[in-house]
Amino acid sequence: MDFKNKFYYMLAPLEDMTDSCFRTICHRYGADLTMTELIRFESLAKNNKSSWDRLKLYDDTPTQVQLIGTRDIFLKKFLSMFSSEKGFVGFNLNLGCPAPNIVSNGAGSAMIKRISKTKKLVDIIKNKGYDVSIKMRLGLNQFEKDNKVYLNLINSVDADFFVVHARHAKQSYGEKADWKVFSECVATGKNIIANGDIKTREDVEKIKSFGCKGIMIGRAAIINPLIFAELKGMTLPPAAQVQKEYEQLIKERDPPFRYRKNIFKHQEKTVEFKEG
Ligand SMILES: Cc1cc2nc3c(=O)[nH]c(=O)nc-3n(C[C@H](O)[C@H](O)[C@H](O)COP(=O)(O)O)c2cc1C
């Protein structure tokens, strides 16, 4: 990553949507970096087939593999089984998932205040020679947000960059992301990528004015996979061509049906997004 000279446009991980076909399309039309949906490293360590399927990359689309979990023993075991493919540009640790079954195990957004545990996982990945980033919310709840647990984490952990989804874990998508936090995150001196409700060129300019090193877009990219090209001022291909390219990738890679079903469902714009 070249944060000194480049402002990054990233596709967010969205479970059961952003498979390799969708990531390839977004990268072809402007996304500089993509991420796999979350994958439990305990399941990878136990050789679960559908988890390993999520990790397959297929082409050179720059992709970080997003891992979720807490127990170092499983992370170490998984890393001993892993070998990097073309397109792989490091790991991302999920410290944002708000799903109750994840949080009750101390994982996802429950990890934001577990600083020594997070440091340990980051070190295990780095010691294997891989880059590692963090994707996080602002805390488990309003109390944690008010106590700025997110700043403690960003200050204490040595990751390449931090994607900050500007909501705490109890907030739904109906509540607006709180972009006011980005300036104080940037003031830590770390590389901060802004996430949450970013859709327009004006939004991007605002995020740049906070000093962030990039933006990450999720739901707006599902509705319009050409959003990165639009925001960067690239020449846009006809939508029908993009649709054809996506369908061709599906033919070649044959992902489970739910991925295309979920994407088409949301492109009709009648369904609300739900996470976890
Ligand atoms: C259906 C759905 C699935 C998601 N899956 C993941 C995931 O696997 N990993 C993750 O870090 N975030 C996940 N997220 C959160 C998004 O990556 C992103 O942080 C959030 O949607 C806010 O960005 P946006 O306003 O651009 O959509 C998910 C969100 C939704 C709506």
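The structure we're discussing is the one just above.
Keep in mind the model is a prediction, meaning the values are calculated, not measured.

Q: Requested: an account of the pairing of strand β9 (residues 214-217), with residues and values cited.
A: Every second residue of β9 is oriented toward a common face, with Gly214 and Met216 on one face and Ile215 and Ile217 on the other, all of them buried. Two strands pair when backbone bridges link them, and strand β1 (residues 8-11) and β9 are joined in this way by four bridges, in the parallel orientation. In the strand pairing of β9, methionine 10 is matched with methionine 216. Direction of pairing for strand β8 (residues 192-195) relative to β9: parallel, over a ladder of three bridges. Looking at β9, one finds that asparagine 195 is bridged to methionine 216. Handedness of the β-α-β unit built from β8, helix α10 (residues 201-209) and β9 comes out right-handed.

Q: Talk me through the site of the ligand; I want residue IDs and the actual numbers.
A: Taken together, 21 residues lie near the ligand, and Pro13, Gln66, Asn195, Asp197 and Arg219 sit nearest. Glutamine 66 has a polar side-chain atom sitting 2.8 Å from an oxygen atom of the ligand. Within the backbone of glycine 218, an N or O atom sits 2.8 Å from an oxygen atom of the ligand. Within the complex, 96% of the 610 Å² of free accessible area of the ligand lies under protein. Taking a 2 Å distance to the grid points as the criterion, the majority of the atoms of the ligand fall inside the largest pocket. Among the residues making up the shell around the ligand, the classes are represented as eight nonpolar, six polar and seven charged.

Q: A description of the state of the cysteines should follow, citing residues and the corresponding values.
A: Disulfides are covalent bonds that connect the sulfur atoms of two cysteines. For the structure shown, the criterion picks out zero disulfides. With no disulfide of its own, cysteine 21 lies closest to cysteine 26 among cysteine sulfurs, the gap being 11 Å. Here cysteine 97 is not disulfide-linked; the sulfur of cysteine 185 is the nearest cysteine sulfur, at 20 Å. By relative accessible area, which is 5% here, cysteine 97 ends up buried.

Q: Requested: an account of the pattern of salt bridges, with residues and values cited.
A: The tally for this structure, following the rule as stated, stands at 22 salt bridges. A salt bridge links glutamate 85 to lysine 56; the shortest N-O distance between them is 3.8 Å. Placement of glutamate 85 in the loop between α4 (72-81) and β5 (88-95) and of lysine 56 in the loop between α3 (49-55) and β4 (63-68) is noted, with a sequence separation of 29 residues between them. Taking the relative accessible area as the measure of exposure, glutamate 85 reaches 29% and is therefore partly exposed. Its relative accessible area of 38% is what places lysine 56 among the partly exposed residues. Between lysine 113 and glutamate 144 there is a salt bridge, and its shortest N-O distance comes to 2.8 Å. One end of the pair, lysine 113, is in the loop between α5 (100-103) and α6 (115-127); the other, glutamate 144, is in helix α7 (residues 142-146), and 31 residues separate them in sequence. Using a relative accessible area of 6% as the deciding quantity, one classes glutamate 144 as buried. Residues joined in a network through salt bridges with shared partners are Glu15, Asp16, Glu37, Arg54 and Arg258.

Q: Hey, could you go over the layout of surface pockets for me, with residue numbers and the actual values?
A: In this model, the largest pocket occupies a volume close to 760 Å³. In terms of lining residues, the largest pocket is bounded by 40 residues, among which Pro13, Leu14, Tyr173, Arg219 and Glu275 are the most central. Of all elements in the fold, only β6 (132-136), β9, α11 (219-223) and α14 (257-267) reach the threshold of two or more residues within the lining of the largest pocket. Its residues assigned to classes, the lining of the largest pocket shows 16 nonpolar, eleven polar and 13 charged.

Conventions used here
- Residues numbered from 1 in each chain as written.
- Predicted model: local features only at pLDDT ≥ 70, side-chain atom pairs only at ≥ 80, totals over all residues.
- Heavy atoms only, no water.
- Buried < 20%, exposed > 50% of the residue type's maximum accessible area, 1.4 Å probe, protein only.
- Helix = DSSP H or I, 4+ residues; strand = E, 2+ residues; numbered from the N terminus.
- Pairing = 2+ DSSP bridges.
- Right-handed = clockwise from strand over helix to strand, strands pointing away.
- Near = heavy atom within 4 Å.
- Polar contact = N/O pair within 3.5 Å; in protein donor to acceptor, adjacent residues only side chain to side chain.
- Areas by Shrake-Rupley, 256 points an atom, 1.4 Å probe, with all protein chains shown as cover.
- 1 Å grid on protein atoms, 1.4 Å probe; cavity = no way out; pocket = protein on both sides within 12 Å on 5 of 7 lines; lining within 4 Å.
- Sits in = over half its atoms within 2 Å of the grid points.
- Nonpolar A, V, L, I, M, F, W, Y, C, P; charged D, E, K, R; others polar.
- Disulfide = S-S within 2.5 Å.
- Salt bridge = Lys/Arg side-chain N within 4 Å of Asp/Glu carboxyl O.
- Points joined across faces, edges and corners; volume = space filled by probe spheres on them.

Just geometry here; none of it tells us what the structure is for.
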